[in-house]
Amino acid sequence: MPCMLHRTGFTVKLFNTLSAAQKDAIFIGLASVVLWLTAVEMDAYEAFHDFLEAHEDWELDEILLALILAGIGGFVFGLRRYLERTKEVLLRREAQARADWLSTHDPLTALPNRRYFSVLNLAELQADLQADQLAFLAIDLDGFKKINDLIGHGGGDQLLKTTALRLMNQYQDSIVIRLGGDEFLLIVDADQFGRASGVAAAKDLIKSLCAPMTISGVQVEVGASVGISIYPENGLEMADLLHAADVALYFAKRSGRNTAAFFELSMHQDVARRAELETKVRTALQQRTIMPHYQPIMDLATGNVVGAEVLARWSGDDGTMLPPDVFIPVAEEIGGIVNLSEQLLRKATEDALKWPADITLAFNIAPTMLSDRLLGKRIRRILAETGFPASRLEVEFTEGALLRETEAATTVIKDLVAGGTRIALDDFGTGYSNILQLSELSFSTIKIDRKFVDRAVRDDTQKAVVKTMIDLAGRLGVATIAEGIETAEQRDAVLNLGCSLGQGYYFSRAVPAWKFERLFVSPETVPHQEMDRVKQVP
Ligand code: C2E
Ligand code: CA
Ligand code: CA
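Residues numbered from 1 in each chain as written. Chains lettered and ligands numbered in written order. Predicted model: local features only at pLDDT ≥ 70, side-chain atom pairs only at ≥ 80, totals over all residues. Heavy atoms only, no water.

Things to note about the side chain of R392
Heads up, the rule is: The secondary structure listing takes helices from DSSP runs of H or I that are at least 4 residues long and strands from runs of E that are at least 2 residues long, numbered from the N terminus. We call a residue buried when its accessible area falls under 20% of the maximum for its residue type, exposed when it is over 50%, and partly exposed in between, using a 1.4 Å probe and counting protein chains only. Counting rule for charge: Lys and Arg are taken as positive, Asp and Glu as negative, and neither His nor the chain ends is counted. What counts as a salt bridge is simple: a side-chain nitrogen of Lys or Arg found within 4 Å of a carboxyl oxygen of Asp or Glu. Note on contacts: a residue pair is in contact if any heavy atoms of the two residues lie within 4.5 Å.
By secondary structure assignment, the location of R392 is in the loop between α13 (375–386) and β12 (393–398). It is D358 that comes nearest to the buried, bridge-free R392 among opposite-charge side chains, at 6.8 Å. Dropping the residues within four chain positions of it, R392 is found in contact with A352, L353, W355, P356, A357, I359, T360 and L361.

Let's talk about the coordination of the calcium ion (ligand 2)
The condition is simple: Sites may look incomplete, because water is not among the atoms used; the donor set itself consists of N, O and S atoms within 2.8 Å of the metal (3.2 Å for Na, K and Ca).
Protein-derived ligands of the calcium ion (ligand 2) are E309 (OE), N364 (OD1), E396 (OE) and D426 (OD), with the metal-ligand distances lying across 2.1 to 2.3 Å. Within one chain, the residues donating to the calcium ion (ligand 2) are spaced in sequence as E-x54-N-x31-E-x29-D. The distance between the calcium ion (ligand 2) and the calcium ion (ligand 3) comes to 3.9 Å, and D426 binds to both of them. Placement of E309 in strand β9 (residues 305–315) and of D426 in strand β13 (residues 422–428) is noted, with a sequence separation of 117 residues between them. By the burial criterion, E309 is buried, and D426 matches it.

Here's the deal with empty space enclosed by the protein
Inclusion rule: Put plainly, a pocket is an open set of points on a 1 Å grid over the protein atoms alone with protein on both sides within 12 Å along at least five of seven lines, a cavity is a set where a 1.4 Å probe fits but cannot get out, and a lining residue has an atom within 4 Å of a point. Grid points are joined across faces, edges and corners, and a volume is the space filled by probe spheres set on the points. Think of it as three bins: nonpolar holds Ala, Val, Leu, Ile, Met, Phe, Trp, Tyr, Cys and Pro, charged holds Asp, Glu, Lys and Arg, and polar takes everything else, Gly as well.
Enumeration according to the criterion identifies one cavity of 30 Å³ or more in this entry. Its volume calculated, the largest cavity comes out at about 70 Å³. Forming the walls of the largest cavity are V338, S341, E342, L345, F363, I365, M369, L375, R378, I379 and I382. Listed by contribution, the elements that provide at least two residues to the lining of the largest cavity are α12 (337–352) and α13. A class-by-class count of the residues in the lining of the largest cavity yields eight nonpolar, one polar and two charged.

What to know about the pairing of strand β11 (residues 360–364)
Stated precisely, the cut-off is as follows: Paired strands, as defined in this entry, are two strands with at least two bridges between them according to DSSP. Handedness is read with the strands pointing away from the viewer; a crossover is right-handed when the path from the first strand over the helix to the second is clockwise.
As paired strands, β9 and β11 are joined by three bridges and run parallel to one another. From the neighbouring strand, E309 faces β11, where its bridge partner is A362. Across four bridges, β11 lies against β12 in parallel orientation. Each residue of the ladder has a partner; that of A362, found in β12, is E394. As a crossover connection, the stretch from β11 through α13 into β12 is right-handed.

Comments concerning the pairing of β12
Within β12, six of the six residues are buried, which leaves it mostly tucked inside the rest of the structure. Side chains L393, V395 and F397 of β12 all project onto a buried face; the interleaved residues E394, E396 and T398 project onto the opposite face, where all are buried too. Pairing analysis gives five bridges linking β12 to β13, with the strands arranged parallel. Across the sheet, E396 pairs through a bridge with A424, a residue of β13.

Re the coordination of the calcium ion (ligand 3)
Distances from the calcium ion (ligand 3) to its protein donors, namely D426 (OD), D427 (OD), E483 (OE) and E483 (OE), fall within the range 2.2 to 2.5 Å. All donor residues of the calcium ion (ligand 3) come from one chain, and their arrangement in sequence is D-D-x55-E.

Overview of the pattern of salt bridges
Within this structure, the stated rule accounts for 23 salt bridges. Among the ionic pairs, K253 bridges to D142, the shortest N-O distance being 2.5 Å. Note that K253 is positioned in helix α9 (residues 238–254) and D142 in strand β1 (residues 134–142), a separation of 111 residues in sequence. Under the relative-accessibility criterion, K253 is labelled partly exposed at 35%. For K467, the salt bridge is made with D471, and the minimal N-O distance between the two is 3.4 Å. Remark: D471 and K467 occur in helix α18 (residues 460–475); sequence separation between them is four residues, near one turn of the helix. Within the structure, one salt-bridge network assembled from shared partners comprises E342, R346, R381 and E385.

Focus on helix α19 (residues 488–496)
Put simply, the rule is: Arc definition: it is the arc formed by the directions from the helix axis to the C-beta atoms.
Among all positions of α19, only Q490, A493 and V494 are buried. Taken end-on, α19 shows its buried residues confined to a sector of 90°, consistent with a single buried face. For α19, the elements touching its buried residues are α17 (450–455), α18 and β15 (479–482). Taken from the residues just after α19, G498 is the one with a positive phi, measuring 110°.

Shape descriptors only; they carry no functional weight alone.
In C-alpha cells:
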C-alpha cells in the first residue's frame with residue numbers, strides 16, 4: 001500500500017511539471033480512447049453504418065468524409081502549432097539562460113562578476129572548494145592603464161583575458177571573479193595561505209601574473225598587487241572578507257608595485273585616519289586655506305635676495321602646520337593637485353607682483369601633474385590672467401618626474417619656454433640621471449639637493465663630486481642653486497666650489513607673504529633678533 005501511495009504521489013508530481021499544451025494532449029487523448037472503447041463496446045459503427053444505408057439519400061457519407069478530412073487537417077495543424085510552440089519555449093529558455101549568465105558574468109573573460117559574488121554564500125564556497133578555511137585574494141594590476149594606452153583597447157582586452165587565464169590556472173580548485181576593470185578576486189583553500197607559506201604563495205601568484213606576454217607583436221609586462229583576508233579569522237560574512245582583502249590591497253599598493261599584504265586589524269584604523277585626512281584636504285581646497293609661503297633664494301656672494309621659492313603650507317584646525325609631504329600626496333590621490341597648484345600659483349603671482357621686479361618666483365610642479373600635456377598652457381593662462389611676467393617665473397620639476405614622463409615633459413617645457421618662463425631641475429642628484437641626457441630639456445637652473453650641500457663640507461672626494469656637478473652645469477650654461485644651506489660653513493663651501501645661488505634655513509625658512517615682504521623686501525626696518533628667529537635651524 002505505501003508503495004502505491006508513493007507511486008501516485010510521483011505521478012501527480014510528474015503531471016504538475018507538464019505544460020498546459022501537454023496536459024491538453026493527454027486529456028484529449030484519454031477522452032478519445034474512452035469514447036472509442038465505448039463506441040466499440042456498443043457496436044456503434046455497425047449501427048451508424050445501418051443508419052447511413054437507411055438514409056442513402058441524405059448524402060451523409062460525403063458529409064462524414066468531409067468531417068474526417070477536416071479532423072485530419074485540424075490534427076496536423078494542432079501538431080504543427082504544438083511543435084512551433086515547443087521550439088519557441090526552448091528559444092525563450094535559452095535567451096533567459098543567456099541573460100542570467102550575462103548578468104552574473106563578465107563577457108570579456110567569461111569569469112563570474114561582482115553580482116555573482118553578491119549571491120555566493122560561504123557554505124557553498126566551502127563545499128565547492130572542499131575547504132573549511134578560505135583565503136580571499138583581492139588582486140589589482142599595476143600599470144594597466146599605461147599599457148592600455150600603449151597597445152590600445154583591443155590589446156588591453158587581450159591582456160585581461162590572459163590575466164584571467166593565469167589566475168584560473170594558478171590553483172587546481174579556486175573561484176576567480178572579475179570585480180571590474182583590472183580588479184580580480186580569487187577564493188581558494190586557505191591552507192596554501194597559512195602564516196608560514198602565505199607570503200611565498202602570494203609571491204608565486206604575483207610572479208606568474210607578471211610574466212611577460214606578447215600582444216600584437218609587442219612584449220608587455222604588467223605588475224600586480226595582492227591583498228589577502230582569511231575566513232573565518234578576518235570576517236564571517238562574504239562582504240566583510242572582501243572589504244578586508246580590499247583594505248589589505250590598499251596597503252600593498254602603497255608599499256610599491258608587486259607586493260602582497262595580509263589584512264591586519266590596525267589597517268582599518270589607518271584607512272579611517274586616511275579618509276579623515278582626505279576629507280580635510282578636500283575642505284581645505286574648497287575653502288582655499290592652503291597658502292603659499294616663501295623661502296628666499298640668495299646670491300651667495302652678495303647676500304641679496306634674488307628670488308623666492310613657493311612652498312605650500314597648511315595650518316590645521318588646531319593651528320599646527322602640516323608639511324606638504326603629508327597633504328600634497330593626498331591632494332594628488334584625490335585628484336585635487338591641479339586645483340591646489342592653480343590656487344597657489346595665482347596667489348603667489350599676486351603676492352610677488354608687489355615685490356621688486358628683480359625678485360623671481362620659483363614654483364614646484366608635482367610629478368603626477370607632468371603627465372598632463374596641457375600643463376604649460378594652463379600655467380601661461382594663469383600668468384596672463386594675473387599679469388605676472390612669464391620671465392619672472394621659474395618652474396621646478398624634479399629629476400625623477402622628468403625621467404618618468406620625458407615625453408609629456410618635453411611638450412610642457414616647450415610651451416613654458418616659448419612663453420618666456422625658465423625651467424629648473426629640482427632635487428638634482430637624487431634620481432641617478434645623467435645631466436647630459438636631460439640637457440635636451442631646455443632647463444636653465446639645476447637645484448643641487450641638500451645631501452650634496454652636506455657633502456661639500458666633508459672630505460675631498462665628496463667635495464670633488466659636488467664640484468663636478470657644478471662645473472658641468474657651468475659648461476652647459478646652466479645656473480646652480482644649492483638647497484638646504486644650514487650653516488655659514490656650508491654656504492662658504494658651495495660658494496668656493498663655484499655655486500653662486502643658494503637657499504636654506506641659514507638664510508630663512510619659508511615664511512608667509514607679509515613676513516617675506518617685511519624681512520626681504522624692506523629689511524631696513526627689521527630688528528636683528530627677528531631676523532635670527534627665521535634663520536633658526538630646528
Ligand atoms: P623641495 O621642492 O625640495 O623644497 C625644499 C624643501 O626643503 C622644503 O620643504 C623646505 O622647507 C626644505 N628646506 C629648505 N631649506 C632647508 C634647510 O636648510 N634644511 C632642511 N632640512 N630643509 C630645508 P617643504 O616645504 O617641507 O617641502 C617639501 C617638498 O614638498 C618640496 O621639496 C616639494 O617637493 C614639495 N612641495 C612643497 N610645496 C609645494 C607646492 O606648492 N607644490 C608642489 N607640487 N610641491 C610642493
Ligand atoms: Ca623645489
Ligand atoms: Ca628640492
